[in-house]
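Observations on the three-dimensional arrangement
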Number of protein chains: 2
Amino acid sequence: MLGSWKDSAARQAIIDFVTASTSEGDGFIPVPDRIATFDNDGTLWVEQPLPPQFDFVFGHWAAEVKADPSLAGQQPYKALIERDPAFIQGVATQDPATVAALLRAFARSWAGTTPAEFDAQVRAWLSTAKQPKLGVPYIELVYRPMLELFDLLKDNGFRVFVCSGGGRDFMRVFAEETWGIYKENVIGTAAEYTYSDGAVVRGEQLLGRLDLGPGKPEHIFAQTGRLPVFAGGNADVDIEMLSAAKFGLLINHDDADREFAYTASAEASLAKAAQLGWTVVSMKDDWTTIF
Amino acid sequence: MLGSWKDSAARQAIIDFVTASTSEGDGFIPVPDRIATFDNDGTLWVEQPLPPQFDFVFGHWAAEVKADPSLAGQQPYKALIERDPAFIQGVATQDPATVAALLRAFARSWAGTTPAEFDAQVRAWLSTAKQPKLGVPYIELVYRPMLELFDLLKDNGFRVFVCSGGGRDFMRVFAEETWGIYKENVIGTAAEYTYSDGAVVRGEQLLGRLDLGPGKPEHIFAQTGRLPVFAGGNADVDIEMLSAAKFGLLINHDDADREFAYTASAEASLAKAAQLGWTVVSMKDDWTTIF
C-alpha cells in the first residue's frame, strides 16, 4: 500500500483521511459520496516540456501542413511553425485562452472522425512518440505513487475519476490499461458527437466549457452528480477542483534529477495549499520511485 | 434470477444473450464493453397519464402562478391552465418539440438553484404525489422485473445506466435507493451548472441536446465513451439507442388491468423490433408481477 511513498507527513495525511472516511465518527463519508478526482497532466504523468497531448496534436498538424502547405500561413499552424514564444509559453502553462484556441483548432481538425479512427491515431502516437528528455514513450511516464493511491482509494470504496483540461477522448484511449479505470470515469474537455446510422461522429463544437479552473467542478458535477471528496492536482487550473473537495492533494514538481523542477503556473495553487491546508507532495522527498 | 418473469421466449432471449456475453465464443463481450442502458419513463416505471416528472414540474408551476398570477397569460403556464389538448398530447407522447419547449421553461424555473435545494423539492414531491389511477406514489410504480434484470446484468459484469429524455438531476435524486445504481450512471437531459465559491448553481442553458432519439446514443457516448451492448426502451424516441445496441429489449404496454395498454408513440419502435429482431416484452404475458 503506497509502497513508492516515503513514510512522510504527506503519506500519513492521505492514510489518515482514508481511514477516517471509512470509520465511524466525524470523518466518515458514506460510500456513494466517495468520489476522488485527479488532474492528469503533471498530476498523473509528466507534463514537460508540454502536456503530451500537444505532441500528438502538433504531429498531426505537421502532417496536415505537409499535405497542404497553404495551411502554414494560418493559426495555429503558423505559431507552431514559427515557434512563437508566447504561444509555446501559453501551451506550457496551460493558459486557458491558448488552450481554448488550440482546442477549437483541434476540434476542427478531427471533425467528422469516428471514435475508432481517433483511437487508432492515438494508439499509433502512444507507441512511437517519446518524451524528449527522458527518451521513453509518454505512457511509461505515469507516476507509480499515484497509481498506488488509486488502488488505496478503490480498496476503500472510492470511485476514482480523472478530470483534465486535456481531451476526454484522448485520455479514454489509454485509461483502462494505464489507470485501471473505465472510460466513463474519465472527464475532460470534449467535442460534441452526432449519432447517425449506428455510429457517432465527432463534430466541431465543444460540449460544455473547457475543463479547466471552474470548469473542473462543473464537469465533475455533470458527470457524477456530486463534487469530489478527494481531489489531486498540480497547478493553478486545479484550484477550484481542489477547493471543492474535503481533501486536497497538490503535487509539487521539485525533482530536477528524476523529473522536472518548476512552479510556473502553480504559484497560486501552492499559496492556496498553505492557506487551505491541502497536502503538498514533494516529488523529491515523498516518493521513493517516480515511474 | 428474473423471478417476476414468466418462463417465456423474452426471458429466455435475455438469458441466452447474457450467457453468450460471458462465455467463450462468438457472443463473448469483453468486460469493459458491457454497457447496458435503459430508458426510464415507460421502461422502468409508469409513464401514464404523463411521465411523472411533469407532475412534479406542473405542481411547481401551479405554485408559481399562485404566487404571481400574471404568469397565467404566459406559456407554458397558459397551455397548462387551459389544458390545451395539443400541449397535453405532446407531453403524453414525448413529442420532441413539446418536450424541448417544456425543458427550456423548466430550466428557467430552476435557474439559480443549488443541487441541495432541487433535491429537497424532488424528495417532497416523491413523498406526497400519487399516480391518479393507481393511487400510490410514483416511486412505488417501478417495474420489479426490470430491477431483477438490472441485478442479472450487474451479476454478469455489466454496468447499468439509465438514459432518459427526462431530467438527469431529477432522476439522480432517487437513482441510488430505487435503482441501485450511482448517480454517475444516470444520463438525461441536463442543465449547465456554474461553479462559484465551493458550490455549483444551475444555469438556464441545456448542456448538449435533448436526450431523446439520436440524442440518446450521443449522451451515452459522451458519458461512457461507448455505445451500449444491451439497451431497453419502450417508445419511438428509443429507436436510435436500441439500434446502437447488440441486444434490444422493447417493453410493450399491453396490460390494461395491471397497468396501461397503449401503443401511441411506440408504433415505429414496435415495427423496428420486428424488423431488427429486438426482444419485445409483453407486460401482460411475460411478467408475473409488475410492481
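Before any of the text, the structure's been laid out above.
Here's a quick rundown of the structure. Since we're looking at a predicted model, the values are computed, not measured.

1. Notes on the interface of chain B and chain A
Listed per partner, the contact involves 36 residues of chain B and 36 residues of chain A. Together chain B and chain A conceal approximately 2800 Å² of surface at their shared face, both sides included; 58% is due to carbon and sulfur atoms. Three residues stand out in chain B for area buried against chain A, namely E184, Y195 and F221 of chain B, and they jointly supply 24% of the buried area on that side. Seen at the junction of chain B and chain A, the total is four salt bridges. Across the salt bridge formed by R159 of chain B and E184 of chain A, the nearest N and O atoms sit 2.7 Å from each other.

2. Quick word on the sheet that holds strand β1 (residues 35-38) of chain A
All names here are of chain A. Reading across from one edge, β3-β2-β1-β6-β7-β8 is the order of the six strands in this open sheet, with parallel pairing throughout. Bordering the open sheet on either side are β3 (186-189) and β8 (279-282), each of which pairs with just one other strand. In this sheet, adjacent strand axes meet at a mean angle of 20° when their direction is disregarded. Relative to strand β7 (residues 247-252), strand β6 (residues 230-233) is paired through four bridges, and the arrangement is parallel. Residue pairing in the sheet places G233 in a bridge with L250 of β7. Sheet strands touched by helix α7 (residues 144-155): β1, β2 (159-167), β6 and β7. Its angle to β1, the strand with the most contacts, is close to 170°.

3. Quick notes on the packing of aromatic side chains
Counting across every chain of the model gives 46 aromatic pairs over all chains. Ring centres 5.8 Å apart and planes at 85° place the aromatic pair F56 of chain A and F118 of chain A in the edge-to-face group. One end of the pair, F56 of chain A, is in helix α2 (residues 52-67); the other, F118 of chain A, is in helix α6 (residues 115-128), and 62 residues separate them in sequence. You'll find F56 of chain A and F118 of chain A in the same group, each marked buried. On the numbers, 5.7 Å between centres and 65° between planes, the contact of W61 of chain B with Y77 of chain B is edge-to-face. Of this pair, W61 of chain B sits in helix α2 (residues 52-67) while Y77 of chain B sits in helix α3 (residues 77-81), placing them 16 residues apart in sequence. A relative accessible area of 1% places W61 of chain B in the buried class.

4. Description of the relation of the copies chain B and chain A
With an RMSD of 0.0 Å, the operation that places chain B on chain A is a rotation of 180° combined with a shift of 0.0 Å along the axis. The transformation just described matches what one would write down for a two-fold rotation axis. Here 100% of the contact residues of chain B are again contact residues in chain A; the copies associate through an equivalent surface.

5. Comments concerning the layout of surface pockets
In this approach, a probe sized like a water molecule rolls over the atoms, and the result shows the empty space that is left. One number sums up the size of the largest pocket: a volume of about 700 Å³. In the lining of the largest pocket, the residues fall into 14 nonpolar, 14 polar and eleven charged. The space that makes up the second largest pocket amounts to roughly 330 Å³. In this structure, the second largest pocket is lined by 21 residues; those nearest its centre are R159 of chain A together with R159, Y182, E184 and N185 of chain B. For the lining of the second largest pocket, the secondary structure elements donating two or more residues are β2 of chain A together with β2 (159-167) of chain B. Residue composition of the lining of the second largest pocket, grouped by class: nine nonpolar, six polar and six charged.

6. Some remarks on the pattern of salt bridges
Any two side chains of opposite charge can pair if their charged atoms end up close together. Within this structure, the stated rule accounts for 25 salt bridges over all chains. Note that K183 of chain A and D119 of chain A form a salt bridge whose closest N and O atoms lie 3.9 Å from each other. With K183 of chain A in the loop between α8 (168-179) and β3 and D119 of chain A in helix α6, the pair connects residues that are 64 residues apart, well separated along the chain. Comparing K183 of chain A with D119 of chain A, the two get one shared label, buried. For the salt bridge of E82 of chain B with K78 of chain B, the shortest nitrogen-to-oxygen distance reads 3.3 Å. A relative accessible area of 31% means that K78 of chain B is categorised as partly exposed. What you see here is one network of salt bridges that share partners, running through D33 and R226 of chain A together with E176 of chain B.

Thresholds, definitions, all that
- Residues numbered from 1 in each chain as written.
- Chains lettered and ligands numbered in written order.
- Predicted model: local features only at pLDDT ≥ 70, side-chain atom pairs only at ≥ 80, totals over all residues.
- Heavy atoms only, no water.
- Contact = heavy atoms within 4.5 Å.
- Buried area = accessible area lost by both parts, 1.4 Å probe.
- Salt bridge = Lys/Arg side-chain N within 4 Å of Asp/Glu carboxyl O.
- Pairing = 2+ DSSP bridges.
- Helix = DSSP H or I, 4+ residues; strand = E, 2+ residues; numbered from the N terminus.
- Axes fitted to C-alpha atoms, helices over the stretch in contact; angles between N-to-C directions.
- Phe/Tyr/Trp six-rings, centres within 6.5 Å; stacked < 30°, edge-to-face > 60°.
- Buried < 20%, exposed > 50% of the residue type's maximum accessible area, 1.4 Å probe, protein only.
- Least-squares fit on C-alpha atoms with pLDDT ≥ 70 in both.
- 1 Å grid on protein atoms, 1.4 Å probe; cavity = no way out; pocket = protein on both sides within 12 Å on 5 of 7 lines; lining within 4 Å.
- Points joined across faces, edges and corners; volume = space filled by probe spheres on them.
- Nonpolar A, V, L, I, M, F, W, Y, C, P; charged D, E, K, R; others polar.

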